[in-house]
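Coordinate inspection notes
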Amino acid sequence: MNPFTYQPGISDPSVFYGDDPHDAHVVHAIGEAHRLGLKVMLNLAPAAPIPPEILGLIDYLLVNYYGANHDWDHHNWYAARHRVPGGQWRFFSWDAERILEGVNDNRISVNNGNAPTGIHNRLRTNPEYRVIFGDRVHKHFFNSGALTPEATEARFLRRTNELEPAIACESARWGDYRRDVDQWRNGPYEFYRPDSHWQVEKNRLQATYFPRRTANVLNALRSAGLYPRTAAPVFS
């Protein structure tokens, strides 16, 4: 039921970079970032040219900021690159089930050493990076971009509609697990049913989360100095 969370394919990077797993560098822990080359991004001087993979880093950060990932990035992150001259780092979402919770949640202040947020916070001293970051925010948060209310809701519904037939089966197989088998931590220990849990959560996201979340994250980015308070010019 959760291949995107627990089987991302990054452990077999040949999925992205050819037939031989040795064709790729893969990192998913803070200590490995320096060892395998992310130090190029970590150590950019304030006036250094910005490498092209920075666009992917910024987009990755914005996705996690939008969802307010509460279990990231002191762990639960992956990056990989093709082991060839000029191979660029790509960042991948991993184990990101703690998202889309509170519509006002804010994770923009996260700053974990040599993890993606640490790279980002070091790069913020670079003026070119700040301009590029603002450009990516504008691309995704305005004009039908990927993180606008309409786009996020449509993408969510596209995936949930694919899963809908399996949810009843999942409930029949595992719905009583928390109530009757493993009463882990604190209750309530409920029987999970499509109508009383799945559909309720879908309704909440559509009614209160997606319509408001884009503006809330945008305001948080402005407050953090990551996006200007003045409106971008519009060509007529």
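Below, the structure is looked at part by part. Keep in mind that what you see is a predicted model, and the values were worked out from it rather than measured. (Residues numbered from 1 in each chain as written. Predicted model: local features only at pLDDT ≥ 70, side-chain atom pairs only at ≥ 80, totals over all residues. Heavy atoms only, no water.)

Turning next to the packing of helix α5 (residues 54–67) against helix α10 (residues 194–223). Running from N to C, α5 and α10 cross one another at 120 degrees; their axes reach a closest spacing of 9 Å. Judged by the inter-axis angle, α5 sits oblique to α10. Handedness of the α5/α10 crossing: right-handed. Contacts between α5 and α10 involve Leu-62, Tyr-65, Tyr-66 and Gly-67 from the first element and Tyr-209, Phe-210, Arg-213, Thr-214, Val-217 and Leu-221 from the second. Of the residues contributing to the contact of α5 with α10, the split by class is seven nonpolar, two polar and one charged. (Axes fitted to C-alpha atoms, helices over the stretch in contact; angles between N-to-C directions. Helix = DSSP H or I, 4+ residues; strand = E, 2+ residues; numbered from the N terminus. Parallel < 35°, antiparallel > 145°, perpendicular 65-115°, else oblique. Left-handed = near helix turned anticlockwise from the far one by under 90°. Contact = heavy atoms within 4.5 Å. Nonpolar A, V, L, I, M, F, W, Y, C, P; charged D, E, K, R; others polar.)

With that settled, the discussion passes to the nonpolar core. In terms of nonpolar packing, the biggest core is built from 36 residues, with Leu-62, Tyr-65, Tyr-129, Phe-133, Val-137, Phe-141 and Leu-221 touching the most fellow members. Those elements giving two or more residues to this core turn out to be α5, β2 (77–82), α6 (116–123), α7 (127–141) and α10. Once residues lying within four places of it in the same chain are set aside, the contact partners of Phe-133 are Ile-58, Leu-61, Leu-62, Tyr-65, His-120, Leu-221 and Leu-226. (Core = buried A, V, L, I, M, F, W, Y, C linked by side-chain atoms within 4.5 Å. Buried < 20%, exposed > 50% of the residue type's maximum accessible area, 1.4 Å probe, protein only.)

A word on the packing of aromatic side chains. Within a pair of aromatic rings, the relevant descriptors are the distance that separates the centres and the angle that separates the planes. Applying the stated rule across the entire model yields nine aromatic pairs. With centroids separated by 5.9 Å and ring planes inclined at 90 degrees, the aromatic side chains of Tyr-209 and Phe-210 adopt a geometry described as edge-to-face. A relative accessible area of 0% places Tyr-209 in the buried class. Taken together, Tyr-60, Tyr-65, Trp-72 and Phe-91 form an aromatic cluster joined through their ring pairs. (Phe/Tyr/Trp six-rings, centres within 6.5 Å; stacked < 30°, edge-to-face > 60°.)

In this section: α7. The end-to-end C-alpha distance of α7, which contains 15 residues, comes to 21 Å, matching closely the 21 Å that a straight helix rising 1.5 Å per residue would cover. If you check which residues of α7 are buried, you get Tyr-129, Ile-132, Phe-133, Gly-134, Arg-136, Val-137, His-140 and Phe-141. Where α7 is buried, its residues touch α5, α6 and α10. Among the residues of α7, the N-terminal cap falls to Asn-126, whose side-chain oxygen and the backbone nitrogen of Glu-128 are separated by 2.9 Å. (Expected span 1.5 Å × (residues − 1). Polar contact = N/O pair within 3.5 Å; in protein donor to acceptor, adjacent residues only side chain to side chain.)

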